[in-house]
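Inside the fold
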Amino acid sequence: MAEQYDVVIIGAGAAGMMAAIEAGKRGRRVLVIDHARAPGEKIRISGGGRCNFTNIHASPKRFLSANPHFCKSALARYTPQDFITLVERHGIAWHEKTLGQLFCDDSAKDIIRMLLSEMKEARAVLRLGVQVQSVDKTLSGFRVVTGDGAIDGSALVIASGGKSIPKMGATGFAYRIAEQFGLPLVETRPALVPLTLDPAQLESLSALAGVAVDAEARSGKTVFEEAVLITHRGLSGPAILQISSYWREGGGIRLGLLPRVDVAALLKAARRDNGRQALQTALGEHLPKRLAQFFAETAGLINRSLADLSDKVIDSFCAGIKDWTITPAGSEGYRTAEVTLGGVDTKALDSRTMQAREVPGLYFVGECVDVTGWLGGYNFQWAWASGFSAGQVA
Ligand code: FDA
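These figures come from a predicted structure and were not determined experimentally.

What follows covers the site of the ligand. In the vicinity of the ligand, 30 residues are found, and the nearest of them are Ala15, Asp34, Asn52, Glu367 and Phe380. Ala15 has a polar backbone atom sitting 2.9 Å from an oxygen atom of the ligand. Glu367 has a polar backbone atom sitting 2.8 Å from an oxygen atom of the ligand. Relative to its unbound accessible surface of 990 Å², the ligand loses 92% to contact with the protein. Of all the secondary structure elements, the ones that give two or more residues to the shell around the ligand are helix H1 (14-25), helix H2 (41-45) and helix H13 (378-391). Across the shell around the ligand, the residue classes break down as 13 nonpolar, 13 polar and four charged.

Have a look at this one:
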């Protein structure tokens, strides 16, 4: 005999727990199963342990999808303010760090505790360490066969996330279920991920490992202004993670260092004040010293005093600082990617409910759907909003 529930949710992450809370509040008998030993593991490690749980600028424009309109309905139905209200109701202190990014003051575990307490109140049952063996359509809903027995549900919510960080149990399970039920997929790729360089590039930048600098990072028409970090493997830092979602193999990343600073004017003023100063020393007042040294060396101007440099030379030298193109060899892949781009094609889903159009009762929420946010709390907002939407109807 199979156990009977109204709603079976596979995945106790951000989206699955939110769907469980909302469906449970409507009086539905909800079971959430997860193969992990603890719920919300990605919440726990997110935001450096403080969980960047939303972003107050979470407008649809800050999400990538083959259909950029799809996310509008869910994001309007459940807003950052709704989540802030929930967080405050649980007495969790928070702060805005930068760029609208909201973090817990104390610990990401507070968010997990809050979700578990809401689930308990909504009488949703959570079962961990459960291996799903098969999922099938039945006359009245779905049967999920697990290592612990069969479970029947009239609705099935797939909230098992994407492929990022396989070490933490990411499996691509949602895509297999989508394929089983004939739903199309948008090709997946790692996103919000550090980019790697080939050995020759790494060698030429080896003296810069560990240097961080503010820059505009550009790929095609998309540009982000934040910190860039040069590492032993390649490029990282928030500007690079952001642009990685837009970058494609073979393309270059154009870095504009010292955005909104007229470096040429500063160097010319320095030449007036102290012409004997070496170029790299003057530049080192505005850029990390190792980077100033690197640019002066690369331009063949190391140890040249400012007085020796014409306006034309300074202008062309500074143009190189404002448009430094690096062509990454690849990315660090799902091993370190924060999210998965692509996933269940939104064409196959109802944007109000996340229900599969051709398979009544089957829902996909969270990261497994082809909706990917920018860095900075957007991906959790999508998880809350899509989970909430499904929870209203499942
Ligand atoms: P999520 O991956 O959270 O949950 C899926 C659940 O399904 C997991 O519990 C998993 O064990 C389970 N599961 C998978 N396969 C299964 C199977 N076959 N059977 C049973 N269970 C299965 N975002 C943000 O907005 N702010 C932030 O600060 C961060 N920080 C951050 C840091 C790091 C290191 C990473 C990797 C990611 C982030 N993110 C983030 C992204 C964010 O974590 C991500 O977008 C959400 O966790 C997605 O929520 P989901 O519920 O969709 O999937």
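We are not done yet, so read on.
A few words on the layout of surface pockets. The volume enclosed by the second largest pocket comes to roughly 170 Å³. As for the second largest pocket, its lining consists of Asn55, His57, Arg62, Leu99, Gln101, Phe224, Glu225, Glu226, Gln242, Trp374, Leu375 and Tyr378. Broken down by element, the residue count for the lining of the second largest pocket peaks at three residues, all from strand E14 (residues 222-230). Taken together, the residues of the lining of the second largest pocket sort by class into five nonpolar, four polar and three charged.

A few words on the pattern of salt bridges. Per the stated rule, a full pass over the model turns up 16 salt bridges. Across the pair Arg127 and Glu3 runs a salt bridge, and its minimum N-O distance is 2.8 Å. Of this pair, Arg127 sits in strand E7 (residues 125-127) while Glu3 sits in strand E1 (residues 3-10), and the two are 124 residues apart along the sequence. Taking the relative accessible area as the measure of exposure, Arg127 reaches 26% and is therefore partly exposed. The partly exposed category is assigned to Glu3, whose relative accessible area is 30%. A salt bridge links Asp6 to Arg29; the nearest nitrogen and oxygen atoms lie 3.1 Å apart. A residue pair is termed long-range when its members are at least 10 positions apart, and Asp6 in strand E1 and Arg29 in the loop between H1 and strand E2 (30-33) qualify at 23 residues. Within this structure, Arg233, Glu332 and Arg335 form a network of salt bridges that share partners.

Definitions and cut-offs
Residues numbered from 1 in each chain as written. Predicted model: local features only at pLDDT ≥ 70, side-chain atom pairs only at ≥ 80, totals over all residues. Heavy atoms only, no water. Near = heavy atom within 4 Å. Polar contact = N/O pair within 3.5 Å; in protein donor to acceptor, adjacent residues only side chain to side chain. Areas by Shrake-Rupley, 256 points an atom, 1.4 Å probe, with all protein chains shown as cover. Helix = DSSP H or I, 4+ residues; strand = E, 2+ residues; numbered from the N terminus. Nonpolar A, V, L, I, M, F, W, Y, C, P; charged D, E, K, R; others polar. 1 Å grid on protein atoms, 1.4 Å probe; cavity = no way out; pocket = protein on both sides within 12 Å on 5 of 7 lines; lining within 4 Å. Points joined across faces, edges and corners; volume = space filled by probe spheres on them. Salt bridge = Lys/Arg side-chain N within 4 Å of Asp/Glu carboxyl O. Buried < 20%, exposed > 50% of the residue type's maximum accessible area, 1.4 Å probe, protein only.

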